[in-house]
Every structure is written in structure tokens, then in C-alpha cells.
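Reading the structure
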Amino acid sequence: QEQLVESGGGLVQAGGSLRLSCATSGIIFSIWTVGWYRQFPGKQRELVASINTRASTSYADSVKGRFTISRDNAKNIVYLQMSSLKPEDTAVYYCNRVPDEIAWDWGQGTQVTVSS
């Protein structure tokens with residue numbers, strides 16, 4: 001059964017770091033372009049980072065230089081390393097296929113809260 005499970009979120013102070021993990025069964029991440037999305041209250045999900053089958057990455061302007069997406073094919077896990085976190089990064093973070101028009105069923109996401 002396809003199921004996306006995000007983990008690693010939590011409460012951190014501004015300037016801190018977190019590493020998010022995305023795992024699943026029934027999906028092989030390495031053969032798809034996969035990304036991390038985030039959703040602010042009352043807003044639609046937005047893509048913040050993606051990685052394709054050749055390990056090429058892309059980032060939203062708001063997170064460039066601070067976030068790094070990576071993939072461990074052997075473990076079938078996609079990571080999002082976040083550093084220099086800002087209060088405006090506070091959101092629920094999700095992983096899924098990119099673009100969102102072909103996304104799989106969404107998981108529960110993981111909450112990231114950055115305090116000032």
C-alpha cells in the first residue's frame with residue numbers, strides 16, 4: 001500500500017536546524033522527481049525543494065542557501081536538511097511527487113515551528 005510518512009519536525013529557535021525525512025512503502029523514490037512542499041495556515045501547499053532521477057535539485061527562492069534536499073536510494077528515503085531557520089519557515093512540511101498535478105496521496109506531514 002502506498003503511504004508517505006514524514007518525520008523530523010519539531011520546535012526550534014530561529015537560527016536552528018532540523019532534518020526532515022520522508023519514507024514510504026510501495027513507491028521507489030529514485031525513479032521519480034520528488035520534492036518537499038510546505039503549507040501555511042489558510043494557504044495552498046507550495047513546493048520548496050525537489051530532486052530528480054539524476055539527483056539534480058531545485059529550490060524555491062525563499063529557501064535557497066538554507067535548505068538542502070537529498071536522497072538515499074538504498075534506504076529509499078528523501079531528506080530535507082534545513083538550517084538558519086526563520087519564523088516564516090513555520091509550516092507543515094510534506095513530501096510527494098513533483099509536479100503536484102501527479103502527486104500521490106498526501107501523508108500527514110510533519111510540523112515545523114520556528115520560534116523567535
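Residues numbered from 1 in each chain as written. Predicted model: local features only at pLDDT ≥ 70, side-chain atom pairs only at ≥ 80, totals over all residues. Heavy atoms only, no water.

The next point concerns the pairing of strand β4 (residues 34-39). β4 sits mainly inside the fold: five of its six residues count as buried. As judged from the five bridges shared by β4 and strand β5 (residues 46-51), these two strands associate in the antiparallel manner. Across the sheet, the residue bridging to Arg-38 is Glu-46, located in β5. Between β4 and β5, which pair antiparallel one after the other, the connecting turn spans six residues, and Gly-42 there sits at a positive phi close to 75°. Pairing geometry for β4 and strand β9 (residues 91-97), over six bridges, is antiparallel. The residue bridging Val-34 from the neighbouring strand is Arg-97, located in β9. (Buried < 20%, exposed > 50% of the residue type's maximum accessible area, 1.4 Å probe, protein only. Helix = DSSP H or I, 4+ residues; strand = E, 2+ residues; numbered from the N terminus. Pairing = 2+ DSSP bridges.)

As a further point, take the sheet that holds strand β7 (residues 67-72). Strand pairing in a sheet takes place through backbone hydrogen bonds and is either antiparallel or parallel in direction. The four strands lie next to each other as β1-β3-β8-β7, forming an open sheet whose pairing is antiparallel. Either end of the sheet is taken by a strand with one partner, and the two such strands are β1 (3-7) and β7. This sheet shows a mean twist of 15° between the axes of neighbouring strands, independent of strand direction. Bridging between β1 and strand β3 (residues 18-25) involves five bridges; their strand directions are antiparallel. If you follow Ser-7 over to β3, its bridge partner there is Ser-21. (Axes fitted to C-alpha atoms, helices over the stretch in contact; angles between N-to-C directions.)

In the structure shown here, the tally under the stated rule is one disulfide. Residue Cys-22 pairs covalently with Cys-95 via a disulfide, S to S 1.8 Å. Sign of the S-S torsion, about 60° for the bond between Cys-22 and Cys-95, identifies this disulfide as right-handed. In this pair, Cys-22 sits in strand β3 while Cys-95 sits in strand β9, placing the two residues 73 residues apart along the sequence. (Disulfide = S-S within 2.5 Å.)

Take the packing of aromatic side chains next. Evaluation of the coordinates by the stated rule reveals four aromatic pairs. Ring plane angle 80° and centroid distance 5.1 Å describe the contact between Tyr-37 and Trp-106, whose orientation is recorded as edge-to-face. Of this pair, Tyr-37 sits in strand β4 while Trp-106 sits in the loop between β9 and β10 (110-115), and the two are 69 residues apart along the sequence. Using a relative accessible area of 29% as the deciding quantity, one classes Trp-106 as partly exposed. Three or more aromatic residues link up through ring pairs in this structure, and these residues are Phe-29, Trp-32 and Trp-104. Against the face of Tyr-94 rests Arg-45, its NZ or CZ located 5.1 Å from the ring centre. Above the ring of Trp-32, the side-chain terminus of Arg-97 is found at 4.7 Å from the ring centroid. (Phe/Tyr/Trp six-rings, centres within 6.5 Å; stacked < 30°, edge-to-face > 60°. Lys NZ or Arg CZ within 6 Å of the ring centre and 35° of its normal.)

In short, the description is geometric, and any link to function would need to be established separately.
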